[in-house]
Amino acid sequence: MPAFSNAKVAEILRGVGAAYQIKGLGNKFQIIAYENAATSIEHATESVYEFWKEKKLDEIPGVGSHLQTYLDELFQTGKVKHFAEVTKGIPEAALTFLNIPGVGPKTAYKLAVEGQASSIADLKDRISSGKLQKAGFSTKAIDNITRGISQLQGLKKRLLLPDALNIANELISGLKKDPDVIKADPVGSIRRMNATVGDIDLVASTTDIQKTLDTFAKLPQVKEVLNRGDDRSSVILKNSLQIDLLVSPPKSYGSLLQHFTGGKAHNIHFRKLALERGLSVSEEGVKNIKTGKVNPCQTEEEVYKFLNMQTPPPEIREDTGEIEAALKHQLPRLIEQTDILGDLHTHTEYSDGLASVKEMTDAARELGYKYSASTDHSYPNLDYQKRLKEIEKYNYSHKDFRVIKGLEVNITSEGKLQAPDKVLEEHEFNIASIHSSFSQTEGELTDRVLYALKHPLINMIGHPTGRILNEREGYTLDWEKVFNAAQEYDKVLEIDGYPARSDLPDPLIREAVKRKIKLSIDTDAHRPEHLEFMNFAVALARRGWATPDLVINTWPIPKLLDYLKKPRMKS
DNA sequence: GCCGTTTTCGGCCCGACTGTTTTCAGTCG
């Protein structure tokens, strides 16, 4: 049987949950159980198929005895009798319509059966030709579906974190002009520093809730107010983005922040734990169920303190173990931007950068770094000698800063390095990266990376998955082999913080951290301003639970240079 | 269907909004 991806298994389970709901089977908690299992599998850092092969499906939270049996059947035979029975008679299209925001199982089924729509394109046709209205859908329902479809089709491109953060910050500074606004923050995936952001949610603490909601509605960026409740409002900006604002008095701002920051799974897990202790947690505060008394929390720390636990940093509130660690008061000390002593991946006009060695290096010095690596691409026409001399000249005249002579060498499609060993020997830090032939097989791509990892003159693999967010998926590597080789040869994997790359993705960072593989957190800057992406690089590393000890660019220069020399001494 | 710091039975996160519902169902974050 072909191995099913986690995403595929999650999709199957969601479909079964939806089918239960459409047919009115079971009870609502069975449906929730299927959804919980789907979410849990989707967020697992390892393949559920591997879990099954190693007979440890029971380690996945939300997968109990029944689902273990079903998954066993799925992986052995490729299908599950029970699932087939449950989904029998439900058109394929109904499951597709579930992806439309605002459309749940009931509506999706109704659209497919009563509306007779066979695809999203067909659904759009039926809306514009009036057929859907004739089939008994109300005008408001149709408006809602239309809005959902355009959202779905617009959402294929999620915002990159820096863009989302810019928009959020502009709105926040607008809100803060209202003297009643005491604090305002982005929440949700922005606050968790996800590399991409779907929608932008803001919270504010204010002494006059209604006035602050008015201020929000009147911000110059706002085109239209979608809805307004007692303490919240949604607007559409002139750039078509939807923004939600939630407002509270200062005394419960911590509860509000906590409620809207964590990923869904984190919140559910946290509130379940609270419930076991007789506490009900909401955005209003922490309620003692017995006495009915609500304790609003001014800060998030107060919320977590009710369960006698540490406050997990926002970046890791995804329910991947942070709650257990926080309960034991054993959260790791995650890497911080002030730990970083230098940027080890930068380009100049010698390759495809837009600034000189001096301009890039001056900018790095101004950021307070002790060193940086200049790592131009191994272009065949690159004048290596001239470039190296320029670096040496900079080092000679700046004793307080060290430029490391680096190179980003291509791993060719034949699995060799683009520069000869003689050139690599002249550089102190060699990054090997794949920039071509992405469509090779997993085996071929993996062999290319393994060749580079074994090569004694290579120190690091650059942007290891090659993904470009919103443009192309990363190539698939056999990560077990890559991680093993990185460990065996004591090589570095890059955390490339260039926002469209954000590569390694955080689940792979997490795995690398577990294996104590060395990491470098850098920006892949192509111009001086790009050096400021370091905060995004660090955030990505934090999402992968990276600690400073594994990150080579937290080390002072003598330790770093010793380490970089090590592999070539062995050979 | 899952799960256990009173529980192997009896609960299951919480609250809000929308629609056409006069008391609730569907959906979302």
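### Observations regarding the overall build of chain A
In step 1: A count of helices and strands for chain A gives 25 helices and 17 strands.
In step 2: Over its C-alpha trace chain A gives a radius of gyration of 26 Å, about what one expects of a compact globule, namely 25 Å for 571 residues.
In step 3: Principal axes of the C-alpha set define a box for chain A whose edges measure 75 × 65 × 55 Å.
In step 4: By the burial criterion, 53% of the 571 residues in chain A qualify as buried.
In step 5: Considering only contacts within chain A whose residues lie at least 6 apart along the sequence, 67% involve residues at least 24 apart.
In step 6: Of the roughly 26,800 Å² of accessible surface on chain A, a fraction of 51% belongs to carbon and sulfur atoms.
In step 7: Across chain A, the mean location of the 76 positive side-chain charges is 3 Å away from that of the 79 negative side-chain charges.

### Observations concerning helix 13 (residues 209–217)
In step 1: Buried residues of helix 13: Thr-212, Leu-213, Thr-215 and Phe-216, and no others. Seen from one end, helix 13 has its buried residues packed into an arc of 155 degrees, which puts them on one side.
In step 2: Looking at the buried positions of helix 13, the neighbouring elements they touch are helix 11 (161–176), strand 2 (181–186), strand 4 (200–206), strand 5 (222–228), strand 6 (232–237) and strand 7 (242–248).

### Brief notes about the pattern of salt bridges
In step 1: What the rule picks out here adds up to 30 salt bridges.
In step 2: A salt bridge links Arg-402 to Glu-428; the nearest nitrogen and oxygen atoms lie 2.6 Å apart. Of this pair, Arg-402 sits in strand 13 (residues 402–410) while Glu-428 sits in the loop between helix 20 (421–425) and strand 14 (429–433), placing them 26 residues apart in sequence.
In step 3: Look at Arg-402 and you get partly exposed, because its relative accessible area is 23%.
In step 4: When the shortest N-O distance is used, the salt bridge between Arg-501 and Asp-524 registers 3.6 Å. Within this pair, whereas Arg-501 is found in the loop between strand 16 (492–496) and helix 23 (506–514), its partner Asp-524 is found in the loop between strand 17 (518–522) and helix 24 (534–543), the two being separated by 23 residues in sequence.
In step 5: Overall, Arg-501 belongs to the buried group, its relative accessible area being 13%.
In step 6: The class for Asp-524 is buried, based on a relative accessible area of 3%.
In step 7: In this structure, a network of salt bridges that share partners links the residues Arg-192, Glu-318, Asp-506 and Arg-543.

### Here's the deal with the protein's contact with DNA strand B
In step 1: Near DNA strand B, the surroundings consist of 40 residues, among which Gly-64, Gly-102, Gly-104, Arg-271 and Lys-272 are the closest.
In step 2: Considering the 4 Å shell around the protein, atoms of DNA strand B inside it are sugar or phosphate in 74% of instances.
In step 3: Take Gly-102: an N or O atom from its main chain is 2.3 Å from a phosphate oxygen of DNA strand B.
In step 4: With respect to DNA strand B, the side chain of Thr-107 contributes an N or O atom lying 2.6 Å from a phosphate oxygen.
In step 5: Only helix 2 (28–43), helix 4 (65–77), helix 7 (105–113), helix 15 (264–276) and strand 8 (279–282) provide two or more residues apiece to the surface near DNA strand B.
In step 6: A total of six residues in the surface near DNA strand B trace back to one element, the largest contributor, which is helix 15.
In step 7: When grouped by side-chain class, the residues that make up the surface near DNA strand B number 15 nonpolar, 14 polar and 11 charged.

### Quick look at the sheet that holds strand 16
In step 1: The strand order across the open sheet formed by seven strands is 11-12-13-14-15-16-17, and the pairing between neighbours is parallel. The open sheet terminates on both sides in strands that have one partner only, identified here as strand 11 (342–346) and strand 17.
In step 2: Note: strand 14 against strand 15 (residues 460–461), two bridges, orientation parallel. Each residue of the ladder has a partner; that of Ala-432, found in strand 15, is Ile-461.

### Quick look at the domain arrangement of chain A
In step 1: One can read the domain layout of chain A as domain 1 (6–154), domain 2 (159–248), domain 3 (264–327) and domain 4 (337–569).
In step 2: Domain 2 and domain 4 are separated by 37 Å when their C-alpha centres are compared.
In step 3: Across the boundary between the two partners, domain 2 contributes nine residues, which contact nine residues of domain 4.
In step 4: Buried area between domain 2 and domain 4, both sides added, is near 760 Å², and the carbon and sulfur share of it is 73%.
In step 5: It is Leu-160, Pro-162 and Met-193 that lose the most area in domain 2 upon contact with domain 4, and together they represent 52% of the buried surface on that side.

### Regarding unusual backbone geometry
In step 1: Residues Asp-503 and Leu-504 are joined by a peptide bond in cis, for which omega reads 15 degrees.
In step 2: Structurally, Leu-504 is set in the loop between strand 16 and helix 23.
In step 3: In this structure, Gln-116 is a non-glycine residue whose phi angle is positive, near 55 degrees.
In step 4: Assignment of secondary structure puts Gln-116 in the loop between helix 7 and helix 8 (120–128).
In step 5: Here Ser-240, not a glycine, exhibits a phi torsion of approximately 75 degrees, which is positive.
In step 6: On the secondary structure map, Ser-240 appears in the loop between strand 6 and strand 7.

### Things to note about the packing of helix 8 against helix 10 (residues 139–154)
In step 1: Packing of helix 8 against helix 10 leaves a shortest axis separation of 11 Å and a crossing angle of 140 degrees. The angle between helix 8 and helix 10 falls in the class oblique. You can see that helix 8 and helix 10 cross each other, and the crossing is left-handed. Residues Ile-120, Leu-123, Lys-124 and Ile-127 of helix 8 form the contact with helix 10, whose participating residues are Ile-142, Ile-145, Thr-146, Ile-149, Leu-152 and Gln-153.

Conventions and cut-offs
Along each chain, residues carry numbers from 1 onward, in the same order as the chain's sequence is written. By the order in which they are written, chains take letters starting at A while ligands take numbers starting at 1. Owing to the predicted nature of the model, reporting of local features is limited to residues with pLDDT of at least 70; listing and counting of side-chain atom pairs is limited to 80 or more, with chain, interface and lining totals taken over all residues. The basis for every side-chain value is the complete set of heavy atoms in the structure, and neither hydrogens nor water enter the calculation. Only DSSP runs of H or I with at least four residues qualify as helices, and only runs of E with at least two residues qualify as strands; both kinds are numbered from the N terminus onward. Only C-alpha atoms enter the radius of gyration; for comparison, a globular chain is expected to reach 2.2 Å times N to the power 0.38, where N is the number of residues. Accessible area is worked out with a 1.4 Å probe on protein chains only. A residue is then buried under 20% of its type maximum, exposed over 50%, and partly exposed in between. The contact criterion used throughout is that any non-hydrogen atoms of two residues lie within 4.5 Å. Under the convention used here, a 1.4 Å probe and the Shrake-Rupley method define accessible areas, while residue burial counts only the protein chains that appear. Here the positive residues are Lys and Arg and the negative ones are Asp and Glu; neither His nor the chain ends is included. Each charge is placed at NZ for Lys, CZ for Arg, CG for Asp and CD for Glu. Think of the arc as the fan of directions from the helix axis to the C-beta atoms. Throughout this description, the term salt bridge denotes a Lys or Arg side-chain nitrogen within 4 Å of a carboxyl oxygen of Asp or Glu. We define proximity as follows: a residue is near a molecule or strand when any one of its heavy atoms falls within 4 Å of that partner. Polar contacts here mean pairs of N or O atoms no more than 3.5 Å apart (in protein, one a potential hydrogen donor and the other a potential acceptor; neighbouring residues in sequence count only if both atoms are side-chain atoms). Polar here means any residue other than Ala, Val, Leu, Ile, Met, Phe, Trp, Tyr, Cys and Pro, which are nonpolar, and Asp, Glu, Lys and Arg, which are charged; Gly is therefore polar. When DSSP finds two or more bridges between a pair of strands, those strands are recorded as paired. What fixes the domain bounds is an automatic or database domain assignment. Here's the idea: put two parts together, see how much 1.4 Å probe accessible area each one loses, and the total over both is what we call buried area. Only the stretch in contact is used when fitting a helix axis, every axis being a line fitted to C-alpha atoms; angles between N-to-C directions are given from 0 to 180 degrees. Angle categories are assigned with fixed cut-offs, so that under 35 degrees is roughly parallel, over 145 is roughly antiparallel, 65 to 115 is roughly perpendicular, and the rest are oblique. Crossings are classed by handedness, with left-handed meaning an anticlockwise turn of the near helix from the far one by less than a right angle and right-handed meaning a clockwise turn.

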